[in-house]
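Structural features, examined
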Amino acid sequence: MITQYSGIAPKGDLILLHKLGEKLNNRSFLHINSTRAGGGVAEILQRMIPILKDLGIDARWEVIEGDEKFFDVTKKIHNSLQGNFENITDDMWRHHYEVNRANAGRLNLDADAVLIHDPQPSPLIEFRKSGKWIWRCHIDVSHPLKEVWDYLLRYCGKYDAAVFSVAKFARAMGTDEFIIPPSIDPISEKNRELANEEIIETLNKFQIPNDRPVILQVSRFDRFKDPIGVIKAYRMVKKYNDCVLVLAGSPASDDPEGDIVLKEVQDYASDDADIRILLLPPFSDKDINALQRAATVVLQKSLKEGFGLTVSEAMWKGKPVIGGATGGIPLQIIHGVTGFLVHSEEGAAFRIRQFLNNPEMAHRMGEQGREYVRTNFLITRQVRDYLSVWYAMENKGRSVLEL
Amino acid sequence: MAEIKPFEFKQCVSLLKSTGKKAKNLRELRDIISIVSDESIFHHTYQYFLKGHILEYTNDFAHWAGESLEERALAEHLSNIDPYAFKNIDGLRQELLNVIDGYLENFPEPREAIQGGEFYFNETITLTFSAGIRAKNPAEFLIAVKYMDAAAVYYHFYEARVRLGVDDFSEWFEDSLGRKEPAGKIRAIDPFMHSIEKIREHIIEAVEEDVRTGMESIGQ
């Protein structure tokens, strides 16, 4: 498994993975989250567990089970941690705890290191048996509803360490807090190299012309992704630069507003034949890959964003990218080096025009972007960091560790 | 003849930790700099070049002053601080404070950063390890340095200055090989003016010339 990344991931990361694998050989590493499929956490765990096993680590992945009420409560917790008002009653918190207690009875929690993903399974810390326990928070908790955060701290504050994706997503918890950005898998269906025929097949399937530059945004139909702003920018570009706009997204089953936003976008696009709005079914990874590879310029013009890994996906394909300066996007786009950060529709239009009229610059930034992703946002780096956190916790108090 | 000590390539990676401290204006930045851990000061100054790409500034404090506070003159002052000129972190910390205090005397009300643009104080745990490659002569060194990870160039060119006061490469050329010319050329590379890839290119230039000269002299 790990050998498949030779020649792709930085050699140093692979060397360090092997060294950490030797240090932690045969020791157990348990990951627990709340869903086996769907969402970025499950996606990365599916790829990560075989890599850990290949390194000689006894890695396991368990999923907590809960009823509808439980997931209603955890959805409310999730929303309120991101700053939205939700009323979480004592009864709801009790249910959150009780479901976790039932799971603790069902699951084998015995491991040398336990990584608990997100707030849903966080009360499992009350049932720890052994090992180092780490809480991995994938969401932005920089401006939470205070009472919800304070309640959750009674669990999260008991962990040996916490991990956040971006420094500005974190909150002071009185425990060691590590910053580990998420990652993409370069050999997954969404990111592997494609033959030209495979790209053409996707373009034909969606009737996308390839005789003109293609501007692409891949994202859910969500107002925070600003699809209307993308169309406005495209119209400004179109005045002097003929091009095609593709807005591709999957329906978000957990977002009741998704249909409304999609309808708004379709109405706004009106009868412009050069705007393609694609509603992709789940598991469209290969089509997304092909669209990203076919694109001339890739946008992620978000107004609010989590980490925004679609940016790294496009950069990995050597594409010039333009992103909203929000969430984790500025960590991926170094303005003027690996792409452009924008703050308005006008800014997005200007940068698209710059790329379309300067193919050499677009190529250079695309190449720099690919290398930046290679050294910072591949799955091998994320596994390396998780194992490094575990190793560092076993050597607490030292700021330099020689392996 | 004494045996030549081979050059052992090493590299390092940094595991980022949040200190939980953040500043939204210059006064808060100043106050936190005065109390934050040595590791945090080290990270935001010495480890700036670990990012691998050249930016307008030479440390994170200067970058934030220039980009988030738009205090360009302060950014220039902070960028001019040479962290390798200090014997310890406290010396560097004091110099950062002197520069900020001097600026605050002249401009007592600098603007605040917008929400989300605050300065986040981080620190790192550094893991060092052998890259598994050693060079016994300049030609082997040349091939190795061409294909090393950028993190290895960082480790020997920047991190070494904290350990030895000088980079590892020129030290080896001078002390182990007795070759002063390439050593001098490597030492003349300005560590603050290049990306790691450019540093690599300049090292290659210096060593390539030495290898070429060496080969030509054998042929005579």
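Residues numbered from 1 in each chain as written. Chains lettered and ligands numbered in written order. Predicted model: local features only at pLDDT ≥ 70, side-chain atom pairs only at ≥ 80, totals over all residues.

Points about the interface of chain B and chain A
- Taken together, the contact between chain B and chain A spans 24 residues of the former and 28 residues of the latter.
- Only β1 (7-23), β2 (119-135) and α7 (150-164) of chain B provide two or more residues apiece to the side of chain B that touches chain A.
- Per-class residue counts for the side of chain B that touches chain A are eleven nonpolar, ten polar and three charged.
- Sheet topology note: the strand β13 (residues 400-402) of chain A/β2 of chain B ladder contains three bridges and is parallel. Pairing of Glu402 of chain A across the sheet is with Thr128 of chain B, part of β2 of chain B. (Contact = placed C-beta atoms within 7 Å. Helix = DSSP H or I, 4+ residues; strand = E, 2+ residues; numbered from the N terminus. Nonpolar A, V, L, I, M, F, W, Y, C, P; charged D, E, K, R; others polar. Pairing = 2+ DSSP bridges.)

Here we look at the domain arrangement of chain B
Residues and elements named next belong to chain B.
- Each assigned domain of chain B is listed with its residue range as follows: domain 1 (14-123) and domain 2 (135-214).
- Here the C-alpha centroids of domain 1 and domain 2 sit 29 Å apart.
- Taken together, the contacts link eight residues of domain 1 with nine residues of domain 2.
- A class-by-class count of the residues in the side of domain 1 that touches domain 2 yields five nonpolar, three polar and no charged. (Domains from an automatic or database assignment.)

Brief notes about the sheet that holds strand β10 (residues 297-300) of chain A
All names here are of chain A.
- Sheet architecture is open: six strands sit in the order β9-β8-β7-β10-β11-β12, paired in parallel fashion. Sheet topology places β9 (275-279) and β12 (340-342) at the edges, where each strand pairs with a single neighbour. Direction aside, neighbouring strands of the sheet carry axes that sit 20° apart on average.
- As paired strands, strand β7 (residues 214-218) and strand β8 (residues 244-249) are joined by five bridges and run parallel to one another. Opposite Leu216, over in β8, you have Val246 as the bridge partner.
- Relative to the sheet, helix α9 (residues 285-294) contacts β7, β8 and β10, its axis offset from that of β7 by approximately 145°. (Axes fitted to C-alpha atoms, helices over the stretch in contact; angles between N-to-C directions.)

A short note on the nonpolar core
- By size, the foremost hydrophobic cluster in this structure holds 143 residues, and its most contacted members are Ile134, Leu216 and Ile352 of chain A.
- Considering every element that reaches this core, the biggest residue donor is α7 of chain B, with eight residues.
- Ignoring sequence-local partners within four residues, the contact set of Ile134 of chain A consists of Ala113, Val114, Leu115, Tyr159, Asp160, Ala161, Val163 and Val389 of chain A.
- If you look at the next biggest cluster of nonpolar residues, it comprises 19 residues, including Ile33, Phe61, Leu92 and Ala113 of chain B. (Core = buried A, V, L, I, M, F, W, Y, C linked by C-beta atoms within 7 Å. Buried ≥ 20, exposed ≤ 12 C-beta atoms within 10 Å, placed from the backbone.)

Some thoughts on the domain arrangement of chain A
All names here are of chain A.
- Its domain assignment divides chain A into domain 1 (2-183 + 378-394) and domain 2 (196-376).
- Taking only C-alpha atoms into account, the centre of domain 1 sits 30 Å from that of domain 2.
- Contacts between domain 1 and domain 2 engage ten residues on the former and ten residues on the latter.
- Taken together, the residues that form the side of domain 1 that touches domain 2 break down as six nonpolar, two polar and two charged.

A look at the packing of helix α7 (residues 227-238) of chain A against helix α8 (residues 258-269) of chain A
All names here are of chain A.
- Where α7 contacts α8, the two axes come as close as 9 Å, and the packing angle between them is 15°. In this view, α7 runs roughly parallel relative to α8, as classed from their interaxial angle. For the pair α7 and α8, the sense of crossing is right-handed. Touching Pro227, Ile228 and Ile231 of α7 are Glu264, Val265, Tyr268 and Ala269, all from α8.
- Per-class residue counts for the contact of α7 with α8 are six nonpolar, no polar and one charged. (Parallel < 35°, antiparallel > 145°, perpendicular 65-115°, else oblique. Left-handed = near helix turned anticlockwise from the far one by under 90°.)

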